[in-house]
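Residue-level structural notes
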Amino acid sequence: MLFSTVVPAHLQNSPLFLAFEWKSLLLPILWFSVFVLTLIIESQTADLVSIWFAPGAFVAMILAFCNVSVAIQIIVFVSITVVGLLLAFTILRPRMKAKNQIVKTNADSLEGKLAIVEEDIDNATATGVVKVNGQLWTARMIDPASKPIKGEWVEIVRVEGAKLICRLQH
């Protein structure tokens, strides 16, 4: 119990004391919920969407445990959140973007690479498989008249879903 040290033992089980004790934990529970919710939302995204609310909610939760007024809790929550956002967009964000250089990852990184034909590619019959980076991909040709056979090399032009669109290697 939060106030058991200042309330005499014979009054600690009274309904009034228990109601006061319960109400005194509502705000800390609210701020803790905001804290956890922002972390859950952030864990589901990779865009730094809600992480800025977590420090403010944590500090507000501590203030609520100390019985600081709700107005001060809200002011501190908003202030810490705004400072976090400003720091992020003025200091951290530019460093994270690496000077606006887009780093291709996963399937996007395959464009321009060479792949070896594992199964003859024929757009008319919707067949064809290539191997790139040790993985097999369904492949189609950018020029429907091109029909590379097994063992030939093709260049990947783009990725469309789970298919690689290729052209004969020059």
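For every chain, the first residue of the written sequence is number 1, and numbering continues from 1 along that sequence. Owing to the predicted nature of the model, reporting of local features is limited to residues with pLDDT of at least 70; listing and counting of side-chain atom pairs is limited to 80 or more, with chain, interface and lining totals taken over all residues. Side-chain figures throughout are based on the complete set of non-hydrogen atoms in the structure, without hydrogens or water.

Right, let's talk about the sheet that holds strand E4 (residues 153-160) for a bit. One closed barrel holds the five strands; their spatial order is E1-E2-E3-E5-E4, and the pairing between them is mixed. Going from strand to strand, the sheet's axes swing by 50° on average, the running direction of each strand aside. Examined bridge by bridge, strand E3 (residues 135-141) and strand E5 (residues 163-168) share four bridges and lie parallel to one another. Residue pairing across strands places arginine 140 opposite isoleucine 165, the latter belonging to E5. A pair of strands is considered paired only if DSSP assigns at least 2 bridges between the two. Going along the chain from the N terminus, every DSSP run of H or I of four or more residues is numbered as a helix, and every run of E of two or more is numbered as a strand. Helix axes are fitted only over the stretch in contact, all axes being lines through C-alpha atoms; the angle between N-to-C directions runs from 0 to 180 degrees.

Let us now look at the nonpolar core. Here, nonpolar core means buried Ala, Val, Leu, Ile, Met, Phe, Trp, Tyr and Cys residues that are tied together by side-chain atoms lying within 4.5 Å of each other. Relative accessible area decides the class of each residue, using a 1.4 Å probe on protein chains only: under 20% of the type maximum gives buried, over 50% gives exposed, and in between gives partly exposed. If you look at the biggest cluster of nonpolar residues, it comprises 13 residues, and the most contacted ones within it are Val130, Val132, Val154, Ile156, Leu164 and Cys166. Every residue pair with non-hydrogen atoms within 4.5 Å of one another is taken to be in contact. In contact with valine 132, not counting residues within four places along its chain, are Leu110, Lys113, Leu114, Ala115, Trp137, Ile156 and Leu164.

Here the focus is unusual backbone geometry. For residues that are not glycine, phi is negative in most cases, and the peptide bond is trans in most cases. One non-glycine residue with positive phi stands out, namely asparagine 67, at about 60°. Along the chain, asparagine 67 turns up in the loop between helix H3 (53-65) and helix H4 (70-96). Within the chain, asparagine 133 stands out as a residue other than glycine whose phi angle is a positive 55°.

Whenever a carboxyl oxygen of Asp or Glu lies within 4 Å of a side-chain nitrogen of Lys or Arg, that contact is scored as a salt bridge. Applying the stated rule across the entire model yields three salt bridges. With a shortest N-O distance of 3.4 Å, arginine 167 and glutamate 155 are connected by a salt bridge. In this pair, arginine 167 sits in strand E5 while glutamate 155 sits in strand E4, placing the two residues 12 residues apart along the sequence. The partly exposed category is assigned to arginine 167, whose relative accessible area is 32%. The exposure class assigned to glutamate 155 is buried, which follows from its relative accessible area of 19%. Residue arginine 158 is joined to glutamate 160 by a salt bridge in which the shortest nitrogen-to-oxygen separation is 2.7 Å.

This next bit is on the packing of aromatic side chains. Stacked, tilted and edge-to-face are the three classes applied to pairs of Phe, Tyr and Trp rings, where Trp contributes its six-membered ring and a pair requires centres within 6.5 Å; stacked means planes under 30 degrees apart, edge-to-face means over 60, and tilted covers the rest. In total, this model carries three aromatic pairs according to the counting rule given. A centroid spacing of 5.0 Å and a plane angle of 45° characterise the contact between tryptophan 31 and phenylalanine 77, whose relative ring orientation is tilted. With tryptophan 31 in helix H2 (residues 26-43) and phenylalanine 77 in helix H4, this residue pair connects regions lying 46 residues apart in the sequence. Take tryptophan 31 and phenylalanine 77: they sit in the same class, and that class is buried. Ring pairs connect the aromatic residues Trp31, Phe53 and Phe77, which therefore count as one cluster.

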